[in-house]
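Spelled out, the chains give:
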Amino acid sequence: MKQKIILVGYPGTGLNTTVKALELIGAKVWDKPLDVKDGLFTKSFKKLESKFSSFNVFAGFPFSNHYQSFKQLYGKDCKVILNVRTPEDWYSELSTANKSKNSHILDYVFSDMEALKKSQKKKKAIQKYMNHNMDVMDFFAEKDEDILILEYGKHNNWKRLCEFLGTSIPDQKYPKIKDDFKKSLFSLKSPLLF
């Protein structure tokens, strides 16, 4: 598989399931920690190309915010998968994660919202989530062959994914994995803002 696949959905939308499915069809997933201070996405495209050359799949932050750079770099060899779920369900999933051992997740992802009241935080988080999804869909409005939208719990099957990527369907059941928020952030060393 030579194409680059960017998973641009937010944590809590089924990223880990999609990553596992892509691994089962032979994709190599970027799983290295990143430090946003290293200027990864401000380097020249040649340096990026060299750094990413042996990987096919890039998921979660900060990649979800740099799909345009990947599309510019790899052109027709770059596909985007947008995992989505209803905004209320997504926020509920994130809030549940916030109360568990991953209690840092909402502040980590939405660090500019710490001072907001709970109701304001929810509204602002959902608005950011919806804006991100709309920005992605708008960018690919005239390139719809380059984007696949997977709705959480509805569109998770081999047929859609493999048709989109032009690969054969594996002889295995489609995976179902609960999102691990630390994993879907790939151990980033410093907070990111959307």
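Now for a look at the structure at hand.

About the criteria used
Residues numbered from 1 in each chain as written. Predicted model: local features only at pLDDT ≥ 70, side-chain atom pairs only at ≥ 80, totals over all residues. Heavy atoms only, no water. Helix = DSSP H or I, 4+ residues; strand = E, 2+ residues; numbered from the N terminus. Buried < 20%, exposed > 50% of the residue type's maximum accessible area, 1.4 Å probe, protein only. Contact = heavy atoms within 4.5 Å. Axes fitted to C-alpha atoms, helices over the stretch in contact; angles between N-to-C directions. Left-handed = near helix turned anticlockwise from the far one by under 90°. Nonpolar A, V, L, I, M, F, W, Y, C, P; charged D, E, K, R; others polar.

Within the secondary structure, His-132 is located in helix α6 (residues 118-139). The buried category is assigned to His-132, whose relative accessible area is 7%. Residues His-132 and Tyr-10, spaced 122 residues apart in sequence, show a C-alpha to C-alpha distance of 8.7 Å. Each residue touching His-132, except ones within four places of it in the same chain, is listed here: Val-8, Tyr-10, Ser-64, Asn-65 and Tyr-67.

With that settled, consider the packing of helix α1 (residues 15-24) against helix α7 (residues 158-165). It is the contact of α1 with α7, at a shortest axis distance of 12 Å, that shows an interaxial angle of 60 degrees. Seen from above, α1 lies across α7 with right-handed handedness. From α1, Ala-21, Leu-22 and Leu-24 reach across to α7, where they touch Trp-158, Leu-161 and Leu-165. Considering only residue class, the contact of α1 with α7 consists of 6 nonpolar, no polar and no charged.

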